[in-house]
Amino acid sequence: MFDFFKNIRRYVRSKDACLLYMVIAIVIILSCVCFVIGKFLGINKELATIIVLFATLMAIIIYTWKTWQYKDLVCEQILLDIRPLVIFECYHRTIRNVGKGIAKGIWIEKIPINCFRLLGIENSEAKFVIFDKVGCLADKDSSPYLKFNLFDEKGTKITDPNISALIARTLDDTGNSLEKLKVVIGYYDLKNNVYRTHMKNINGVFQVDHIV
């Protein structure tokens, strides 16, 4: 019984209750207006009743619409609270889920090799760096050490140990060598909603720029 009255008290203070109060107030005001109009302008009782019923219907429609909007906002907020958030820790060369939900099908979008500030890469056939995919990460989990491969513009794998070593050394450096590097991590939640974390060097620190 105590929980019943507690739930009632909680509802009375909620936004849904405020919308209901607004509907009741509109109906009362319109009923009073119709009564006054009917009394002083001679409108018959049937017409006044129709006006009141129409006003009540409009108020219910407004209440339903506002309640639907409010529930959409609540659902969106809940999704934000439980969604995964995957980041790339370049100096550890790992992917980490810092969100509160499970992330799956995680991939890093291909990175143009000119985003790495390296010497001697202008004449290299390698044009893109592609990291291995990660299947699934629970919240607060990290992937194993990520491997990567080099590819040319046609998608052909390139074996160039010198460039690979330079890129590995660059990723280990958290300083100015990452000033041009931009990384986009794509992933899904358990409901197959897709997200992307955009990361780049901001004021000398490689961090999250924005999330979509």
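These remarks concern the structure in this document. (Residues numbered from 1 in each chain as written. Predicted model: local features only at pLDDT ≥ 70, side-chain atom pairs only at ≥ 80, totals over all residues. Heavy atoms only, no water.)

### Thoughts on the side chain of Arg 93
Then, in step 1: Looking at where Arg 93 falls in the secondary structure, it is placed in the loop between strand 1 (86-89) and strand 2 (94-97).
Then, in step 2: The class for Arg 93 is buried, based on a relative accessible area of 5%.
Then, in step 3: One polar contact links Arg 93 to Tyr 145, side chain to side chain, over a distance of 2.8 Å.
Then, in step 4: Excluding residues within four positions of it along the chain, Arg 93 makes contact with Phe 88, Phe 131, Pro 144, Tyr 145, Leu 146, Phe 148, Ala 168, Leu 171 and Asp 172. (Helix = DSSP H or I, 4+ residues; strand = E, 2+ residues; numbered from the N terminus. Buried < 20%, exposed > 50% of the residue type's maximum accessible area, 1.4 Å probe, protein only. Polar contact = N/O pair within 3.5 Å; in protein donor to acceptor, adjacent residues only side chain to side chain. Contact = heavy atoms within 4.5 Å.)

### Let's talk about the pattern of salt bridges
Then, in step 1: In total, this model carries two salt bridges according to the counting rule given.
Then, in step 2: Linking Arg 96 and Glu 89 is a salt bridge whose minimum nitrogen-to-oxygen distance equals 2.8 Å.
Then, in step 3: Assessed through its relative accessible area of 29%, Arg 96 is described here as partly exposed.
Then, in step 4: On the accessibility criterion, Glu 89 (10% relative accessible area) is buried.
Then, in step 5: Across the salt bridge formed by Glu 109 and Arg 196, the nearest N and O atoms sit 2.7 Å from each other. Residue Glu 109 is found in the loop between strand 3 (103-108) and strand 4 (111-112), and its partner Arg 196 is found in strand 10 (residues 194-202); the two are separated by 87 residues along the sequence. (Salt bridge = Lys/Arg side-chain N within 4 Å of Asp/Glu carboxyl O.)

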